[in-house]
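The residues making up each chain are set out below.
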Amino acid sequence: MAQASQRIRNFSIIAHIDHGKSTLADRLIEYTGALSKREMEEQVLDNMDLERERGITIKLQTVQLTYKAHDGEVYELNLIDTPGHVDFTYEVSRSLAACEGALLVVDAVQGIEAQTLANVYLALENNLEIISVINKIDLPSAEPERVKEEIEEVIGLDASEAILASAKTGIGIEEILERVVKMVPPPQGEDQAPLKALIFDSKFDAYKGAISYVRIVEGRIAKGTKMKMMATGKVFEVTEVGVFLPAIRIVDELKAGQVGFIAASIKNVKDTQVGDTITDAENPATEALPGYRQATPMVFCGLYPVDASDYNRMRDSLEKLHLNDASLVFEPETSVALGFGFRCGFLGLLHMEIVQERLEREYDLNLITTAPSVIYNVNTLKGDVVKIDNPSNLPPLESIVSIEEPIVKATILVPAEYVGAIMELNQEKRGTYLTMDYVSKSRVKLIYELPLSEIVFDYFDQLKSRTKGYASLDYELCGYQETDLVKIDVLLNGEMVDALSFIVHRAKSYNRGRKLVEKLRGIIPRQMFEIPIQSVIGNKVIARETVSAMRKDVLSKCYGGDISRKRKLLEKQKVGKKRMKQVGSVAIPQDAFMAVLKIED
Ligand SMILES: Nc1nc2c(ncn2[C@@H]2O[C@H](COP(=O)(O)OP(=O)(O)OP(=O)(O)O)[C@@H](O)[C@H]2O)c(=O)[nH]1
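Cut-off values and rules
Residues numbered from 1 in each chain as written. Predicted model: local features only at pLDDT ≥ 70, side-chain atom pairs only at ≥ 80, totals over all residues. Domains from an automatic or database assignment. Helix = DSSP H or I, 4+ residues; strand = E, 2+ residues; numbered from the N terminus. Buried ≥ 20, exposed ≤ 12 C-beta atoms within 10 Å, placed from the backbone. Contact = placed C-beta atoms within 7 Å. Arc of directions from axis to C-beta. Pairing = 2+ DSSP bridges. Axes fitted to C-alpha atoms, helices over the stretch in contact; angles between N-to-C directions.

A.B. asks: Which residues make up the domain arrangement of the protein, and what values go with them?
C.D. replies: According to the domain assignment, the protein consists of domain 1 (4–183), domain 2 (196–280), domain 3 (299–370), domain 4 (377–483) and domain 5 (487–598). Measuring from the centre of the C-alpha atoms in domain 2 to the corresponding centre in domain 3 gives 30 Å.

Right, dumping it as structure tokens:
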């Protein structure tokens, strides 16, 4: 039987955020001539608007490069992009499963960071050949020797051969391509065997239907193949197969070892499940590929349209987003205060922000977002375990035996001088110290167990400000733990606003309850009457503040005369009002729902 082509190399780039992965990908594409410089939009691999703005990679992309190596042979190099943020570790592992090698990019100034480590572990789990690249050596402050030491010390890879590169100036690019050809093993797999193609991503296209991004592991597929999805048993006739250069190029067939896409006029993205195996209905494989475990959302929040009439449009938009992003989950939810909306689950906080922004920007929705919450396991007197992702649904205290909260194992890398600051922060955040190691003379790796709910509170911001931005964090769920937790409710003008309820450790409850009402007093605009704000645990009021009544009409500031000024002021008010939700007699601005996150312990 014929072996998969010896001249194919499938690889990813793994890196901590901002260490230069996208820039390096651009240089590789440019160098191999896939796109001329002029054609090349900046950062072609990150092609979603939002990504470009934030400069982070979210969705996977893949590109086929053609490279004539020094040995005179022409190679097909498939570069599969990976996201670099802690929220998207799951997607990284998906793309790595489609590769045989990985370029490990480390910033020559920053050195190894938390996501460098997390990604390297994933690459090792997938048995990938790892090629170390020390990037940004053009910077005057680059310290490639120190970074080499870190790679050896922390990761245990031989760094003597690490490539010194600058994705900015082009240094080392050719060396990287040569190394990929030499070091990354060609794909195994028989192209005469029954078809097995791993779906590592899928996407909805208005013209072609649901498209599967695949790695062909065995066999071949072409237009007309009757393909069978092994998870669902559904059969579709292939209309097109192709590759990304990064522009789409239709090809005659894809065969073992190759990476590309398959279109089959599939209406529903649910039929192209990521992790599923595609086989040939007429000559099926007996066993599916291992696939992926499902990503579990860790952070939940309520999303409500400011204008209730947007509800249906919002549901359609969420469904559309879900097609592209299976890790987003949502279900209808009703809030006494906010009306009809959705409870949405996300991989993490960044994922949550991105979805919110896409809904507002791409679908033109005006939303109110409630503070994020984790999932609590509540053991009730009846002997049930109830999963609570919305604090306002917590059963009455009398019926609760215990509450368990999710705990994560957090890895923090930081210059040694900030160890004290990190320890203090983790103490405040109810962390449990596990280990501390030096990764080089001046930098330290700390491992802690922390409640996820504390990370959802302002952990990132605190970590950043207390270490001047020098700390990096990665975490993974490691279990649930029983904790003494209570729910705080907020009453505005005597009415409970369910969307403001939150769950907190008993020891912190008074402080947070008090500070929240203080914050809310500053956020809730004055009205014609006094508004008492109270925080309560059960029936017990723990803090109270009052927003005093408004004295002057805002228009009186205009001194009667200038009508255009008056209009401008009214316009301004309108914009301010947009993000307000009328709850009973009180208008609550968006900020109020997030205020609880801004409380310092
Ligand atoms: N001086 C210098 N700057 C570089 C180099 N490579 C990348 N940069 C810059 O570093 C920043 C981050 O680079 P990106 O390529 O966006 O980083 P990334 O790793 O793709 O980030 P994510 O997509 O978020 O994972 C950008 O401002 C780049 O211009 C380099 O070799 N030298």
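A.B. asks: Requested: an account of the environment of alanine 587, with residues and values cited.
C.D. replies: Among the secondary structure elements, alanine 587 is positioned in strand S33 (residues 586–589). For alanine 587, a count of 15 C-beta atoms within 10 Å translates into the label partly exposed. Distance in space between the C-alpha atoms of alanine 587 and arginine 526 is 9.2 Å, their sequence separation being 61 residues. Those residues in contact with alanine 587, other than ones at most four positions away along the chain, are Pro525, Met580 and Gln582.

A.B. asks: Summarise helix H6 (residues 173–183); cite the residues concerned and give the values.
C.D. replies: Since there are 3.6 residues in each turn of an α-helix, residues three or four apart along the chain are aligned in direction. Among the residues making up H6, those that are buried are Ile173, Ile176, Leu177 and Val180. Burial along H6 is one-sided: seen end-on, the buried residues are contained in an arc of 95°.

A.B. asks: Could you give an account of the sheet that holds strand S17 (residues 299–305), naming the residues involved and the relevant values?
C.D. replies: Overall, antiparallel pairing links the four strands, which are arranged S18-S19-S17-S20 in an open sheet. Taken across any chain shown, the strands that pair with only one partner, and hence form the sheet edges, are strand S18 (329–335) and strand S20 (367–369). The average angle at which neighbouring strand axes cross in this sheet is 30°, direction not considered. Alignment of S17 against S20, held across three bridges, turns out to be antiparallel. By the bridge assignment, tyrosine 304 is partnered in S20 with isoleucine 368.

A.B. asks: Outline helix H11 (residues 459–466), listing residues and values.
C.D. replies: Of all the positions in H11, only Tyr459, Gln462 and Leu463 are classed as buried. In an axial view of H11, the angular spread of the buried residues amounts to 100°, which keeps them on one side of the axis. Turned more than 90 degrees off the buried face of H11, the exposed positions are Asp461 and Ser465. Of the surrounding elements, those touching the buried residues of H11 are helix H9 (419–428), helix H10 (452–456) and strand S26 (472–483).

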